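Architecture at a glance
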Amino acid sequence: MQNPLLDLPLFEDSHRKLAADLESFARNDLADIAGSDCHEGSKLDATCREIVARLGAAGFLTASCLVKEGDRFDVRRLCLSREILARHDGLFDFAFAMQGLGTGPISLFGSNAQRQKYLPPVVAGQQLPAFALSEPGAGSDVGAMTTTATRDGSGYRLNGAKTWISNGGIADQYVVFARAPGSTGAQGISAFIVEADTPGFSIAERIRVIAPHPLATIAMDDCLVPEAALIGAEGQGFAIAMQTLDVFRTTVGAAALGLGRRALDEALGRIHERQVFGKALKSFQITQSKIGEMALGLDASALLVYRAAWKKDMRSSDPITREAAMAKLFATETAQKVIDEAVQLFGGMGVVSDQPVEVLYREIRALRIYEGTSEIQKLVIAKDVMGAYSAGA
Ligand code: COS
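Rules used in this analysis
- Residues numbered from 1 in each chain as written.
- Predicted model: local features only at pLDDT ≥ 70, side-chain atom pairs only at ≥ 80, totals over all residues.
- Heavy atoms only, no water.
- Helix = DSSP H or I, 4+ residues; strand = E, 2+ residues; numbered from the N terminus.
- Rg over C-alpha atoms; globule rule 2.2 N^0.38 Å.
- Buried < 20%, exposed > 50% of the residue type's maximum accessible area, 1.4 Å probe, protein only.
- Contact = heavy atoms within 4.5 Å.
- Areas by Shrake-Rupley, 256 points an atom, 1.4 Å probe, with all protein chains shown as cover.
- Lys, Arg positive; Asp, Glu negative; His and termini not counted.
- Charge placed at Lys NZ, Arg CZ, Asp CG, Glu CD.
- Polar contact = N/O pair within 3.5 Å; in protein donor to acceptor, adjacent residues only side chain to side chain.
- Pairing = 2+ DSSP bridges.

Secondary structure assignment for the protein yields 12 helices and 10 strands. Against the globule reference of 21 Å for 393 residues, the protein gives a C-alpha radius of gyration of 21 Å, in line with a compact fold. C-alpha extents for the protein along the principal axes are approximately 80 × 55 × 40 Å. Buried positions account for 52% of the 393 residues belonging to the protein. The contacts of the protein with a sequence gap of at least 6 include a subset with a gap of at least 24, amounting to 75%. Put simply, the protein shows about 16800 Å² of open surface, and 55% of that area lies on carbon and sulfur atoms. Charged side chains in the protein number 40 positive and 46 negative. The centres of these two groups are separated by 4 Å.

Take a look at the structure:
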């Protein structure tokens, strides 16, 4: 179904063309690898690689990385891509999203040499990256991380563990955040590119989650990386992480929007078919009230998502921390409610394993947690709003 917002001046013709092309590609060229048959167990990793390979070969990953110096993210393109892919299949979206998030620090802060080495294979869909920030004892509180990066000759020796790492176990390289020994809080954190075959780097555990995605805990045990692995400057890591999240949090909102729109599509089909008390389910006002609220919530989410994306695209030097946090918070929380209502409209069928709305119910949950929980987004928004008040803005 056509995105109802695409006609707005928030978008350019290139976005409208992308939306039409990707919609057709997802429908015709990815459909054979959709669904739980391809997403479970040992097939999961291969399916992710295949999705990325197909998207890359078709040119749909060009927006994921900033290969050339001076390039800027087209956040509206990233968001439209995630919305469309998520509406088709959560794993399509996941695989697409990780190509951008996993290389985000290199795109935004990497040297020309780093961009030329690592980004073209990711854009081509031949390599998979990962973003390794969280730790067992440092999720929301990034400044509590304990992984260390100790100077060793001309390089750095990394020690510690990272967890909840998407693409963990299948990525070719990881952006790992680690701190100088003795440093605390946001200070002394740096970002490093760690290739998966570096001695001392290992996958400690693959983690199974309610909606199957490649996820792992990784470990660094005297893992020696060269000076060329450092992204940006020493000690810049906290800002690198936050500015990467500022871009990609908006796209999480877009993914939630896609999952929510799919739930509304499914619910609309259901209420037109289902007979209850001798009438179509759609004819009850209680049903219409649910549909009205679902549609309203989704369009409100879309406006917040594309407001943040538009602002980042048009005013790249202005911070979008507040707008990105609002988009992620509202769109993920709303999609959860919309999907829950869709399950309700399906009744018993809604909780049958692998039915579309049951899959959506599992898919949406993690989005309210990863890349900053809903609670953290509220803190981020409040800090920005109160800061503006104190500054007299
Ligand atoms: N862009 C640039 N700089 C930023 C920034 C941003 N969006 N947010 C914070 N900073 C800077 C601050 O300006 C501050 O700099 P100074 O020390 O020079 O003043 C520094 O970073 C520390 O900021 P702050 O004091 O706000 O840090 P906190 O430790 O209080 O943490 C939160 C702030 C909670 C917002 C942060 O830890 C966070 O986003 N947590 C969620 C992490 C997350 O998303 N995890 C998921 C991992 S990916 S799946």
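What follows deals with the side chain of Gln-114. Relative to the elements of secondary structure, Gln-114 occurs in helix H7 (residues 112-123). A distance of 2.8 Å separates a polar side-chain atom of Gln-114 from the backbone oxygen of Leu-230. Here Gln-114 is in contact with Ile-106, Leu-119, Ile-193, Ala-228, Ala-229, Leu-230 and Ile-231, once residues within four sequence places are set aside.

Summarising burial for strand E4 (residues 173-179): 7 of the 7 residues are buried, a large majority. Neither face of E4 is open: one carries Gln-173, Val-175, Phe-177 and Arg-179, the other Tyr-174, Val-176 and Ala-178, and all of them are buried. Alignment of strand E1 (residues 129-132) against E4, held across 4 bridges, turns out to be parallel. Note that in E4 the partner of Ala-130 across the bridge is Tyr-174. Sheet topology note: the E4/strand E5 (residues 189-195) ladder contains 7 bridges and is antiparallel. When the bridges of E5 are listed, Val-176 appears paired with Phe-192.

Note that every value here comes from positions in space, so none of it alone points to a role or purpose.
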